[in-house]
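Results of the structural survey
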2 protein chains.
Amino acid sequence: MKLLQERIETSAQIVDHNIVRVDMFLNHQIDVQLLDQMGEEFYRLFGPLHVTKILTAEASGIAIACLAALHFKVPVVYAKKGFVRTQGSNVYSTEVFSYTRNKTTQISVAQAYLKPDDRVLIIDDFLASGSAVLGLKEIVDKAGAHLVGVGIAIEKGFQDGGKKLRDMQINLRSLAIISSIENGRVVFLEE
Amino acid sequence: MKLLQERIETSAQIVDHNIVRVDMFLNHQIDVQLLDQMGEEFYRLFGPLHVTKILTAEASGIAIACLAALHFKVPVVYAKKGFVRTQGSNVYSTEVFSYTRNKTTQISVAQAYLKPDDRVLIIDDFLASGSAVLGLKEIVDKAGAHLVGVGIAIEKGFQDGGKKLRDMQINLRSLAIISSIENGRVVFLEE
């Protein structure tokens, strides 16, 4: 998606050859107009697939998932991190390892909000190793629901998450794929 | 707001005389159409005040803040919980005590995203003791920005947060104020 690539080129802060910081428009300060247009693009890509629910993970996926859901006119469910106090024991849970934070986190979804007849689109801000998306997929599987696709804002094409998911025949679409970060500049792969 | 009160009456789960669970439409599963209408109502209440930024706290405030921001056409900034790794030391921080969780959490906002010329509207899902909002207000004050108001989805009128904020002359508006929970039913206060 040209608009997102341009924003990354003009605004993102290159930390090193692995890390691009986009907290000025995506995951700390949020440009809701941009995310609304990204949501429209997700709808163009996944709209015909009869999505009934959008699933994401707390916290950085919530904004992009909600602005996409407005176009799909379906509810968002976000997996909660850590021990889920208010929901009792009726949850689908799994563990997700974050390479960035070097720690394992439990994520959970109340069973009431994912049903076998749900057609689920997973949306997240970043795809790197794929562990977050695979954790969300495990929760969809535990619910007996159908995963129709995975929509990602920014895929780090130089990490193996995208390959893993595509090898599993998952319908993965990323709005921007960074193939490398060279000399302080981002190089994109055209999907 | 009639629509929100009706949804609370029809959907919310009364846990006891203190706790109403709304995770079926507000803070686990999210009814984005409802939140969009709540965002429109916040715009009706605060639109004339020249808001330049909406501030909320991770994680449950993000959805309602983003859907409101679409109407205001301004960015959202959400305070991050815990140790903020990617932002270096240039953050405004404070500690917030959660009575529900009985623990103190540090919340932080990168200094780059709140400036002295910002006119800030704080939006959050719940107001109970007021500690989260007061923490966010402290961050606004540290940035030297101007707090134009506080918009809350559901205020627990039987806790003292609302009184504290109103006594401080803060322009607080809550879309639904629960005055009490009696015999498994929610009683609303009309603002």
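This structure is a prediction, so every number in the text was calculated from the model and none was measured.

Quick word on the interface of chain B and chain A
Facing the 35 residues of chain B at the interface are 35 residues of chain A. Summed over both sides, the interface of chain B with chain A buries roughly 3100 Å², with 58% coming from carbon and sulfur. Of all residues in chain B, the largest losses of buried area upon contact with chain A belong to B:His28, B:Gln29 and B:Tyr113, amounting jointly to 23% of the total for that side. Put simply, chain B and chain A have zero salt bridges between them. In this structure, the connection of chain B to chain A is made through 16 residue pairs in polar contact (both at pLDDT 80 or more). For the side of chain B that touches chain A, the elements supplying multiple residues, two or more each, are strand E3 (29-30), helix H2 (32-46), helix H3 (62-72), strand E5 (76-81) and strand E7 (103-110) of chain B. In terms of residue count, H3(B) provides more of the side of chain B that touches chain A than any other element does, six residues in total. Pairing of strand E3 (residues 29-30) of chain A with E5(B) involves two bridges; the strand directions are antiparallel. Paired with A:Ile30 across the strands is B:Val76, a residue of E5(B).

A few points about the confidence of the model for chain A
Looking at chain A, the pLDDT average stands at 94 and 96% of residues meet or exceed 70. If you check the scores for this complex, the pTM reads 0.96 and the ipTM reads 0.94.

Here's the deal with the packing of aromatic side chains
Think of a pair of aromatic rings as described by two things: how far the centres are apart, and how the planes are tilted against each other in angle. Residue and element names in this part refer to chain A. According to the stated counting rule, one finds three aromatic pairs over all chains in the structure shown. Relative to phenylalanine 72, the ring of tyrosine 43 has its centre 5.0 Å away and its plane inclined at 85 degrees; by these criteria the two rings are edge-to-face. Of the two residues, tyrosine 43 is situated in helix H2 (residues 32-46) and phenylalanine 72 in helix H3 (residues 62-72); the sequence distance between them amounts to 29 residues. Using a relative accessible area of 10% as the deciding quantity, one classes phenylalanine 72 as buried.

As for the pattern of salt bridges
Under the counting rule described, the total for this entry stands at 16 salt bridges over all chains. The salt bridge involving A:Arg166 is made with A:Glu155; its shortest N-O contact spans 2.9 Å. With a gap of 11 residues between them, A:Arg166 in helix H5 (residues 161-167) and A:Glu155 in strand E9 (residues 146-156) connect regions that are remote in the sequence. Note on A:Glu155: relative accessible area 3%, which makes it buried. One salt bridge connects B:Lys53 with B:Asp118, and the closest N-O pair in it is separated by 3.4 Å. Taken together, the residues span a long stretch of sequence, with B:Lys53 in strand E4 (residues 53-57) and B:Asp118 in the loop between E7 and strand E8 (119-127) at a distance of 65 residues. Both residues of the pair, B:Lys53 and B:Asp118, belong to the buried class.

Description of the relation of the copies chain B and chain A
Here two copies of a chain appear, and what relates them is a rotation about an axis with a shift along it. When chain B is fitted to chain A, the residual RMSD is 0.0 Å, and the transformation amounts to a turn of 180 degrees plus an axial shift of 0.0 Å. The operation mapping one copy onto its partner corresponds to a two-fold rotation axis. Taking the C-alpha atom as reference, chain B places B:Ala59 closest to the rotation axis, 2.7 Å from it. When the interface residues of chain B are mapped onto chain A, 100% of them again lie at the interface, so the same face is used by both copies.

Quick notes on helix H1 (residues 2-11) of chain A
Residue and element names in this part refer to chain A. Buried within H1 are the following residues: Leu4, Gln5 and Ile8. The arc that holds the buried residues of H1, viewed along the axis, is 100 degrees, so those residues lie on one side. In H1, the exposed residues that point more than 90 degrees away from the buried face are Lys2 and Thr10. For H1, the secondary structure elements touched by its buried residues are H2, E9, strand E10 (172-182) and strand E11 (185-189).

A short note on the pairing of strand E7 (residues 103-110) of chain A
Residues and elements named next belong to chain A. Where strand E5 (residues 76-81) lies against E7, two bridges are found, and the strand directions are antiparallel. In the sheet register, lysine 81 faces E7, and the bridge partner there is isoleucine 107. Bridging between strand E6 (residues 91-98) and E7 involves eight bridges; their strand directions are antiparallel. Among the inter-strand pairings, valine 91 is bridged to a residue of E7, identified as alanine 110. Counting the residues that bridge the hairpin from E6 to E7 gives four residues, and of these asparagine 102 lies at a positive phi of roughly 55 degrees.

Re the state of the cysteines
Considering all chains together, one arrives at zero disulfides over all chains under this definition. Left unpaired, A:Cys66 is separated from the closest cysteine sulfur, that of B:Cys66, by 6.9 Å. B:Cys66 gets classed as buried once you look at its relative accessible area, which sits at 0%.

Reading the values: rules and limits
Residues numbered from 1 in each chain as written. Chains lettered and ligands numbered in written order. Predicted model: local features only at pLDDT ≥ 70, side-chain atom pairs only at ≥ 80, totals over all residues. Heavy atoms only, no water. Contact = heavy atoms within 4.5 Å. Buried area = accessible area lost by both parts, 1.4 Å probe. Salt bridge = Lys/Arg side-chain N within 4 Å of Asp/Glu carboxyl O. Polar contact = N/O pair within 3.5 Å; in protein donor to acceptor, adjacent residues only side chain to side chain. Helix = DSSP H or I, 4+ residues; strand = E, 2+ residues; numbered from the N terminus. Pairing = 2+ DSSP bridges. pLDDT = per-residue confidence, 0-100. Phe/Tyr/Trp six-rings, centres within 6.5 Å; stacked < 30°, edge-to-face > 60°. Buried < 20%, exposed > 50% of the residue type's maximum accessible area, 1.4 Å probe, protein only. Least-squares fit on C-alpha atoms with pLDDT ≥ 70 in both. Arc of directions from axis to C-beta. Disulfide = S-S within 2.5 Å.

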